[in-house]
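Reading the structure
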Amino acid sequence: MKVKTILVSQPEPKMENSPYSKLIDKEKVKVDFRPFIHVEGVDAKNVRQQKIDLKDYSAIILTSRNAVDHYFRIAEEMRFKVPDSMKYFCQSEAVAYYLQKYVVYRKRKIYVGKRLFSELVPLIKKYKDEKFFLPSSDVLKPTVPDTLDTLGISWQRGIFYKTVISDLSDLRDVYYDVLVFFSPSGIESLLHNFPDFEQNDTRIAVFGNSTVNAATGAGLRIDIKAPTPETPSMTMALQKYITSVNK
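So, here's what we can say about the structure. Counting restarts for each chain: residues are numbered from 1 in the order of the written sequence. pLDDT decides what is reported in this predicted model: residues at 70 or higher carry local features, side-chain atom pairs at 80 or more are listed and counted, and totals for whole chains, interfaces and linings draw on all residues regardless. Remark: hydrogens and water are excluded; side-chain values derive from all non-hydrogen atoms of the structure.

1. A closer look at the sheet that holds strand S8 (residues 154–165)
Strand order across the open sheet formed by six strands is S3-S8-S7-S4-S5-S6, with mixed pairing between neighbours. Each edge of the open sheet carries a strand with a single partner, namely strand S3 (37–41) and strand S6 (109–112). Ignoring which end each strand starts from, the neighbouring axes of this sheet average 25° apart. Any two strands with at least two DSSP-identified bridges between them are counted as paired. A run of H or I in DSSP counts as a helix once it spans at least four residues, and a run of E counts as a strand once it spans at least two, with each numbered from the N terminus. In this sheet, strand S7 (residues 131–137) lies alongside strand S4 (residues 59–62) in parallel orientation, the contact comprising two bridges. Bridge assignment links Ala 59 to a residue of S7, and that residue is Phe 132. The strands touched by helix H3 (residues 65–77) within the sheet are S3, S4, strand S5 (87–90), S7 and S8, with S8 carrying the most contacts at an inclination of about 105°. Axis lines are fitted to C-alpha atoms, over the contacting stretch for helices. Their N-to-C directions set the angle, which ranges from 0 to 180 degrees. Contacts are assigned to residue pairs that have any heavy atoms within 4.5 Å of one another.

2. A word on the pairing of strand S10 (residues 203–207)
The element S10 is extensively covered by neighbouring structure, given that four of its five residues are classed as buried. Read from strand S9 (residues 178–181) through helix H7 (residues 184–193) to S10, the crossover connection turns out right-handed. Note that S10 and strand S11 (residues 222–226) share four bridges and pair parallel. Residue pairing in the sheet places Ala 205 in a bridge with Ile 224 of S11. Relative accessibility thresholds used throughout: buried, under 20% of the residue-type maximum; exposed, over 50%; partly exposed, between the two (1.4 Å probe, protein chains only). The handedness of a crossover follows from its direction of travel: if, with the strands pointing away from the viewer, the path from the first strand over the helix to the second runs clockwise, the crossover is right-handed.

3. Focus: unusual backbone geometry
Of note, the amide linkage connecting Ala 226 to Pro 227 takes the cis form, showing an omega dihedral of -5°. Structurally, Pro 227 is set in the loop between S11 and helix H9 (234–245). Residues other than glycine seldom take positive phi values, yet Lys 28 does so here, at roughly 55°. Structurally, the position occupied by Lys 28 is in the loop between helix H1 (19–27) and strand S2 (30–33). Accessibility expressed as a relative area gives 69% for Lys 28, which makes it exposed.

4. What to know about the environment of Lys 141
Tracing the backbone shows Lys 141 in the loop between S7 and helix H6 (143–150). Look at Lys 141 and you get exposed, because its relative accessible area is 62%.

5. Some thoughts on the nonpolar core
Nine residue types can take part in a nonpolar core, namely buried Ala, Val, Leu, Ile, Met, Phe, Trp, Tyr and Cys, and a core is a set of them joined through side-chain atoms within 4.5 Å. Formed by 28 residues in total, the largest nonpolar core has its most connected members in Leu 54, Leu 62, Tyr 71, Tyr 88, Leu 99 and Phe 160. Ranked by the residues each element gives to this core, the list is headed by H3, at six residues. Look past the residues within four positions of Leu 62 in its chain and what remains in contact with it is Ala 67, Val 68, Tyr 88, Phe 89, Cys 90, Gln 91, Val 95, Leu 99 and Pro 135. Leu 23, Val 180, Ala 205 and Ala 226 belong to the second-largest nonpolar core, a separate cluster that totals 18 residues.

6. Let's talk about H7
Among the residues of H7, Ser 185, Gly 186, Ile 187, Ser 189, Leu 190 and Asn 193 are the ones counted as buried. Considering only its buried residues, H7 is in contact with S3, S8, S9 and helix H8 (209–217).

7. Regarding H1
What H1 keeps buried is the set Tyr 20, Leu 23 and Glu 27. Buried residues of H1 fall within an arc of 55° about the axis and therefore sit on the same side. Residues of H1 that are exposed and angled more than 90 degrees away from the buried face: Lys 22, Asp 25 and Lys 26. Its buried side turned inward, H1 meets strand S1 (5–8), S2 and H9. In the segment just after H1, Lys 28 is the residue with positive phi, at about 55°. Arc definition: directions from the helix axis to the C-beta atoms.

8. Here we look at the pattern of salt bridges
Opposite charge on two side chains makes pairing possible when the charged atoms of those side chains draw close. Salt bridge, as used here, is a side-chain nitrogen of Lys or Arg placed within 4 Å of a carboxyl oxygen of Asp or Glu. Tallied over the entire structure, the rule returns nine salt bridges. Among the salt bridges present, the one from Asp 32 reaches Lys 30, with a minimum N-O distance of 2.7 Å. For Asp 32, a relative accessible area of 21% translates into the label partly exposed. The partner of Lys 55 in a salt bridge is Asp 53, and the shortest N-O contact between them spans 2.5 Å. Lys 55 sits in the exposed class, given a relative accessible area of 60%. The class for Asp 53 is partly exposed, based on a relative accessible area of 29%.

9. Looking at the sheet that holds S1
In space, the five strands of this open sheet follow the order S2-S1-S9-S10-S11, with parallel pairing throughout. A single partner strand is all that each edge strand has here, and the edge strands are S2 and S11. Strand after strand, the sheet turns through a mean of 20° between neighbouring axes, direction not considered. Strands S1, S9, S10 and S11 of the sheet are contacted by H9, whose axis makes an angle of about 140° with S11.

Such coordinate-based values are descriptive only and should not be taken to indicate function.
Right, here's the structure in full:
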């Protein structure tokens, strides 16, 4: 079965020359983007009910751009002026770069990991006397709190936003050759929106072990998997598969 249409369960990349653009040009396939899940912020009242007072913390751990947006949103709602002395521990360069939307970068104390949360640990250890705050979603990988607990630091988590299943009812009669998933929440959204979903000839592409487990647990057949040593990105995995079946 040749591949002509692909649905990616994420927002469309904002950069012009994204890897998907190259895939479209090279393989002459149609790629649509549609977030299967979206984020909704909680309000300041909800945060107060979590017994959180932002002035109690001297350091913020930021694992994503959503965490950045919703920390500063809540700070504004609670009329909390984030002090210049605040230390920011960013999981990746992308998160640190995004922080510039809210703070003057060169005037702040910003510590940056490489990509994985574990790579942030040595930096947190250096400042173990700080009072750390982790703004997060209601869905959080257990490795994050587990890791922080082992460090013997003072820290608290606050749920500042929630992962919500998107309404996909308009896609009921639309068919794609390949569906691409990057999280267990995406799989959950598919089955929530289409409880009678039958895979048949639809190919399922998944990224990451947790997504693999969610897909197989839901009884789906996985046809394309990333990352692998040969195909470290999803677009590379799609490219390899399409090349083999569209001969």
